[in-house]
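Listed below are the residues making up each chain.
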Amino acid sequence: MFQTAIKFVLQIVLLVSVASCYRGKRIVNSSFEEKDTVHSFDEQRLRLKEKQGKGLLILTFSGGGTRAAAFSYGVLKQLRDTEYQDGNDITRRLLDDVDIISSVSGGSFTAAYYGLFGEQIFVEFESVFLKKNVQSDLIRGLFNPLNWFSLISNQFDRTNLAIDYYDKNIFKKKTFADLYTQQGPEILINATDLSSGSRINFNQSMFTALCSDISKLKIAHAVTASSAVPVIFPPITLKNFDNCNVNYPDWLKQLELKENKTKRELELLTTVKKYFDKQDIQYLHLIDGGISDNLGLRSIFDTVTLRGGIKNALRLVNVDRPDYLAVVVVNAEKLALRPMSKSSKSPPTSQVISAVSSIQIQRYNTESITLIDQTLKKWAETLKDGDYKPKTFFIQLDYQHVVDEKQRIIFQNAPTSFALEQNVVDNFINVGQTLLKNSPKYQEMVDFIQHR
């Protein structure tokens, strides 16, 4: 949710200056209890899910506040309503075949909620989050005298206020231990390490490098970090503990030994290895995941790379010789309006900040889409064996595909905030369902699955 509504910024800018007088940070992660050699990857957790589909189906949910959460929720509803007959004439739903959901900022609320509560999302999520004025609730929390003493303490700030609100009212105090007991898809919640600009994924693989047990971390911590807009919300801080003997995991050793590494593989290798240096990096300060990857796409590339390539990554999610490889990108990004181009006056600071951020995000998104589209095809070539080769489907959903121009303009003008009118939320849910249902690529994929 990097492109935050300017109105929201103006509403709380005074509170930022009044309530930001803190001298330290509350560390949200905990260390391993015993000084021992630990494994870096929770393979057992990934194999909990009984593979049901015929391929690898990945979803990515972008940032964009409630707008993005509602859009991605609509996509989940359409996947639920898309049925097909498997080889045993059993009716199945595409929603049950989803293997991984990678999310950023506003999209992380939907991904995390579905990961935790499964089908309950279709009963509760609209009232618990989508149609609730979360933004006003957070602002009222800042004005509440009961919170003033906490806000001027050295270990509590606006971000902690948001964490507590999300934890109590949305995620029901659930932790990653609760998430890991579910049989649904793997949920990749993404944030950005402020000091390095690196993408940080909330999983045990990453946390083991920090000598930290993610199972004790609350889901609200991860989602808040993923949506912590700079300036408005102070970063969430993780400690890089040094009280365990962490060996380089096999996937890291394999990547290190690999000849002819690509530029991206070298960059990824350097990024991951630095967190094993406890002296150089003692703390991580996490902010909005949209800054480093607003579509959640690059996290997919990184995850597969760090798991030793597509073949090993498939084994970890119980997929053997998939019929297809599919990525559905749910992009709630809106093209920034440029009123400044109609005036000779110097644009105000708010417009400059909005334009600069949106330009960078749009350009980065374009490169991410190209990267994953090409990578999908490379994965298919890697898996090719004789006559066998999985088919690839890269499905992009965004407002540019809305046929009706008036509706498209309405969607483009919707603010990036955590407060939308209920009818606007309904419109975004419906557009998520409609765009997926009418996507030619999606229809082609469904037809392909039906006839395998």
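Definitions and limits used
All residue numbers here refer to positions counted from 1 along the written sequence of the relevant chain. Local features in this predicted model are restricted to residues whose pLDDT is 70 or higher, and side-chain atom pairs enter the listing and the counts only when it is 80 or higher, whereas totals over whole chains, interfaces and linings include all residues. Water and hydrogen atoms were dropped before computing side-chain values, which therefore reflect all heavy atoms in the structure. In this text, helices come from DSSP runs of H or I with a minimum length of four residues, and strands from runs of E with a minimum of two, each type numbered from the N-terminal end. Type-normalised accessible area, obtained with a 1.4 Å probe on protein chains alone, sets the label of each residue: buried when under 20%, exposed when over 50%, and partly exposed for intermediate values. Note on contacts: a residue pair is in contact if any heavy atoms of the two residues lie within 4.5 Å. Between 30 and 60 degrees the pair is tilted, below 30 it is stacked and above 60 it is edge-to-face, where a pair is any two Phe, Tyr or Trp rings, Trp via its six-membered ring, whose centres lie within 6.5 Å. We call a charge positioned above a ring when the Lys NZ or Arg CZ atom is no farther than 6 Å from the ring centre and deviates by at most 35 degrees from the ring normal. Here, axes are lines fitted to C-alpha atoms. For helices the fit covers the stretch in contact, and angles between N-to-C directions go from 0 to 180 degrees. Orientation labels follow simple angle bins: below 35 degrees gives roughly parallel, above 145 gives roughly antiparallel, 65 to 115 gives roughly perpendicular, and whatever is left gives oblique. Crossing handedness is read from the near helix: turned anticlockwise from the far helix by less than a right angle, it gives a left-handed crossing, and turned clockwise, a right-handed one. One speaks of a salt bridge when a side-chain nitrogen belonging to Lys or Arg is within 4 Å of a carboxyl oxygen belonging to Asp or Glu. Within a predicted model, pLDDT stands for the predictor's per-residue confidence, ranging from 0 to 100. Under this definition, polar contacts are N or O atom pairs within 3.5 Å; protein pairs additionally need one hydrogen-donor-capable and one acceptor-capable atom, and for neighbouring residues in sequence, both atoms have to be side-chain atoms. Whether two strands pair comes down to DSSP finding at least two bridges between them. Only protein atoms enter the 1 Å grid, on which a cavity is a set of points fitting a 1.4 Å probe that cannot get out and a pocket is an open set with protein on both sides within 12 Å along at least 5 of 7 lines, lining residues being those with an atom within 4 Å of a point. Grid points are joined across faces, edges and corners, and a volume is the space filled by probe spheres set on the points. Ten residues, namely Ala, Val, Leu, Ile, Met, Phe, Trp, Tyr, Cys and Pro, are considered nonpolar, four, namely Asp, Glu, Lys and Arg, are considered charged, and the remaining ones, Gly among them, are considered polar. For the purposes of this section, nonpolar cores are sets of buried Ala, Val, Leu, Ile, Met, Phe, Trp, Tyr and Cys residues that join through side-chain atoms within 4.5 Å.

**Quick word on the overall build of the chain**
Within the chain, the secondary structure is distributed over 20 helices and twelve strands. In the chain, buried positions account for 56% of the 452 residues. The long-range fraction of contacts in the chain, counting pairs at least 24 apart against all pairs at least 6 apart in sequence, stands at 83%.

**What about the packing of aromatic side chains?**
Across all of its chains, the model carries 20 aromatic pairs by this definition. With 6.1 Å between their ring centres and 75° between their planes, F176 and Y180 make a pair best called edge-to-face. Of this pair, F176 and Y180 both sit in helix α9 (residues 176–180), four residues apart, which is roughly one turn of that helix. You'll find F176 and Y180 in the same group, each marked buried. Aromatic pair Y399 and F411: ring centres 5.8 Å apart, planes at 25°, arrangement stacked. With a gap of twelve residues between them, Y399 in the loop between β12 (391–397) and α18 (405–413) and F411 in helix α18 connect regions that are remote in the sequence. A single burial state applies to Y399 and to F411, both of which are buried. Taken together, Y73, F109, Y113, F117, F122, F125, F129, Y165, Y166, F171 and F418 form an aromatic cluster joined through their ring pairs. Positioned over the ring face of F122 is R80, at 4.5 Å from the centre of the ring.

**Side note on the environment of D447**
Relative to the assigned elements, D447 resides in helix α20 (residues 440–450). With relative accessibility at 44%, the residue D447 sits in the partly exposed group. Sequence separation between D447 and Y84 is 363 residues, and the spatial gap between their C-alpha atoms is 8.9 Å.

**Quick notes on the packing of helix α12 (residues 250–257) against helix α13 (residues 263–273)**
Packing of α12 against α13 leaves a shortest axis separation of 10 Å and a crossing angle of 135°. Relative to α13, the element α12 lies oblique. The handedness of the crossing between α12 and α13 is left-handed. On the side of α12, the interface is formed by W251, L252, L255 and E256, while α13 contributes E265, L269, V272 and K273.

**A few points about the pattern of salt bridges**
Taken as a whole and judged by the stated rule, the model has 19 salt bridges. Between K131 and D426 there is a salt bridge whose closest N-O contact spans 2.7 Å. Taken together, the residues K131 in the loop between α5 (121–130) and α6 (134–143) and D426 in helix α19 (residues 422–438) connect sequence positions 295 residues apart. For the salt bridge of E367 with R264, the shortest nitrogen-to-oxygen distance reads 2.5 Å.

**Structural notes on the confidence of the model for the chain**
When pLDDT drops low, the exact placement of atoms in the prediction is not to be read closely. With 79% of its residues at a pLDDT of 70 or more, the chain shows a mean pLDDT of 81. Scored below 50 in pLDDT, residues 1–24 shows 54 contacts in the model against residues more than four places distant or in partner chains. Contacts for the low-pLDDT stretch residues 352–357, under 50 throughout, to residues beyond four places or in other chains number six contacts.

**Here we look at the side chain of E186**
Summarising the element assignment, E186 is placed in strand β6 (residues 186–193). Among the polar contacts listed, one links the side chain of E186 to the side chain of R307, at a separation of 2.6 Å.

**Let's talk about helix α15 (residues 297–306)**
With respect to burial, α15 is a largely interior element, ten of its ten residues being buried. Within the sequence span of α15, burial applies to L297, R298, S299, I300, F301, D302, T303, V304, T305 and L306.

**Remarks on the pairing of strand β2 (residues 56–61)**
The buried fraction of β2 amounts to six of the six residues, a majority that puts the element mostly inside the structure. Covered by surrounding structure in β2 are L56, I58 and T60 together with L57, L59 and F61, the residues of both alternating faces. As paired elements, β2 and strand β11 (residues 324–330) share six bridges and run parallel to each other. Bridge assignment links T60 to a residue of β11, and that residue is V329.

**Observations regarding the layout of surface pockets**
Of the pockets and cavities examined, the second largest pocket occupies roughly 630 Å³. Lining the second largest pocket are 32 residues, and of these R199, L268, V272, D302 and L306 lie nearest its centre. At the level of elements, β7 (199–201), α10 (204–209), α13, α15 and α17 (349–383) are the ones that each hand at least two residues to the lining of the second largest pocket. The residue inventory of the lining of the second largest pocket, partitioned by class, reads 14 nonpolar, eleven polar and seven charged.

**Here we look at the pairing of strand β10 (residues 283–287)**
Where β6 meets β10, two bridges bridge the pair, whose relative direction is antiparallel. The partner of D193 across the bridge, within β10, is L286.

**Let's talk about the nonpolar core**
Counting residues in hydrophobic clusters, the biggest one holds 105 residues, and the most contacted among them are L94, Y166, F171, F176, F202 and M445. Sort the elements by how many residues they give to this core and helix α3 (residues 65–81) lands first, with eight residues. Excluding residues that lie within four positions of it along the chain, F176 makes contacts with I189, F202, I214, S215, L217, K218, I219 and A222. Listed in part, the 26 residues of the second largest apolar core include I300, F301, I369 and F394.

**Notes on the environment of T270**
Position of T270 among the secondary structure elements: in helix α13. Overall, T270 belongs to the exposed group, its relative accessible area being 54%. A sequence separation of 14 residues divides T270 from E256, and the C-alpha atoms of the two residues are 9.6 Å apart.

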